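# Overview (structure and organization)
This is what each chain is made of:
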Amino acid sequence: MATTNTVTNEEQSNEDSLHTKLDRIFNSSTTSGPVPVHYSIEIAAKDDFDIGQLERLTPQPVFCALPWVSDDNLRYADDFLRSPTLQLTARLRENQYTVLNNVSCYNITEQQVDQLLRSTGIRNLFVIRGDTVSPGQQFRNSAGLVQYLRKWQEQQPDHRQLTIAVGGYPYGHHQSSSQTEELHYLRAKISQGADFLLTQTLYDAPSFLRYRDRCREAGISIPIIPGIYVPHSYRHLQALLNLTRIELGPTVRDAFEAHANDAPDQFQAFMVEYFVGVVRELLQPNATTSSDPIKLVHFFTFNKFHLLQQVLGKLDEFFK
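Residues numbered from 1 in each chain as written. Predicted model: local features only at pLDDT ≥ 70, side-chain atom pairs only at ≥ 80, totals over all residues. Heavy atoms only, no water.

This is how the line gets drawn: UniProt positions are given in the numbering used here, feature names are shortened, and annotations may be inferred rather than shown by experiment.
The protein chain goes by Methylenetetrahydrofolate reductase (NAD(P)H) in an unreviewed UniProt entry, where it is assigned to Anopheles coluzzii. Within the UniProt record for the protein chain, the comment given under Pathway (unreviewed entry) is "One-carbon metabolism; tetrahydrofolate interconversion." Looking at the protein chain in UniProt, the text filed under Sequence similarities (unreviewed entry) is "Belongs to the methylenetetrahydrofolate reductase family."

### Notes on the pairing of strand β6 (residues 196–202)
For the record, the criterion: Relative accessibility thresholds used throughout: buried, under 20% of the residue-type maximum; exposed, over 50%; partly exposed, between the two (1.4 Å probe, protein chains only). Per the convention used, a helix needs a DSSP run of H or I reaching at least four residues, while a strand needs a run of E reaching at least two, with both numbered from the N terminus. A pair of strands is considered paired only if DSSP assigns at least 2 bridges between the two. Orient the strands so they point away from the viewer; a crossover is then right-handed if the path from the first strand over the helix to the second runs clockwise.
The buried fraction of β6 is high, at seven of seven residues. As defined by bridge partners, strand β5 (residues 163–168) adjoins β6 across four bridges and the pair is classed as parallel. The residue bridging Val 166 from the neighbouring strand is Leu 197, located in β6. In the sheet, β6 pairs with strand β7 (residues 224–229) via four bridges, with the strands oriented parallel. What sits directly across from Leu 198, in β7, is Ile 225. In this view, the connection linking β6 to its parallel neighbour β7 by way of helix α8 (residues 205–217) has right-handed handedness.

### A look at the packing of helix α11 (residues 264–283) against helix α12 (residues 305–314)
Definition in use: For helices, the axis comes from a line fit to the C-alpha atoms of the stretch in contact; other axes are also lines fit to C-alpha atoms, and the angle between any two N-to-C directions lies between 0 and 180 degrees. Angular relationships are summarised with four words: roughly parallel below 35 degrees, roughly antiparallel beyond 145, roughly perpendicular across 65 to 115, and oblique for the angles in between. Note on convention: near helix rotated counterclockwise from far helix by under a right angle means a left-handed crossing. Clockwise means right-handed. Only heavy atoms enter the contact rule, under which two residues are in contact if any of them lie within 4.5 Å. As a working rule, the residues Ala, Val, Leu, Ile, Met, Phe, Trp, Tyr, Cys and Pro are called nonpolar, Asp, Glu, Lys and Arg charged, and the rest polar, with Gly in that last group.
Following both chains from N to C, one finds α11 and α12 inclined at 45°, their axes separated by 10 Å at the closest point. Relative to α12, the element α11 lies oblique. For the element pair α11 and α12, the recorded crossing hand is right-handed. Within the contact between the two elements, α11 uses Gln 268, Val 272, Glu 273, Val 276 and Arg 280 and α12 uses His 306, Leu 307, Gln 310, Val 311 and Lys 314. Of the residues assigned to the contact of α11 with α12, the class counts are four nonpolar, three polar and three charged.

### Things to note about the nonpolar core
This is how it is decided: Residues belong to a common nonpolar core when they are buried Ala, Val, Leu, Ile, Met, Phe, Trp, Tyr or Cys residues joined through side-chain atoms within 4.5 Å.
Residues Leu 92, Tyr 203, Phe 299 and Phe 319 are the most contacted members of the largest nonpolar core, which totals 84 residues. At 11 residues, the largest contribution of residues to this core is made by α11. Each residue touching Phe 299, except ones within four places of it in the same chain, is listed here: Tyr 39, Ser 40, Ile 41, Glu 42, Ile 228, Val 279, Leu 308, Val 311, Leu 312 and Phe 319. Of all hydrophobic cores here, the second largest spans 14 residues; its members include Leu 18, Ile 25, Phe 63 and Phe 196.

Dropping the structure here:
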């Protein structure tokens, strides 16, 4: 038996607020003083998630993104509300957090997209193609799913706003033959109605700044949000690099490898300092006359909130 949709008006208002929040962040003008910076996070629906640790973060995130585990979520396609990811979504919304739900193109159908939106009240989506594409898959890429979502929105009686993010690849996508080809696919996604762009995990500031410059030169004007990941172990760092197929530059690679055999606390302390430096380099131009200041930073936490809090504490002159 399908679970009854129990999305309250208060929760729905919280979902609708993301569009308003982002508009306030990116379109507000700062006449004097440093540009205020906000942050968002990605968390996982795992046993180690502790909402108390989330609530103790200072300041609080603008939104919480939840990954889409394709096989797991589609297993609950007859009742998405039973999936662990959607259960955590409901819990976060009940506690007044705005949620951005990842949705993968992998094997999802139009009917399942309709069911997901109708039964859960989800209105904020991070659309990804996914690491795998099946031969008979209905949505072959993110552009097709973004297009369908906007069409779905137009057909709703209340025309409730969907807020849609798509991904960007500062180090290049492993299946793209060139930067030109990659920008072509990125423009296709954005032209269908994406509101903002979240980058893949960053390991140095110049790669992001060069990527943003290429996007702007290609006519991409939507907000581009840098994604930061603070590794909690060398093993996890290597696993994520293998998953995302990112090739680090020799300077960054050598810096990380020099700490490969550190004790856990030493490794984490190094990584906190390293990524504090990366974020500081990204945000330092905000204090001058940057024509394209970074107003939001996204952190992939893997539920390691203590590392995120250390980073925020060391950058409190930016994050207010």
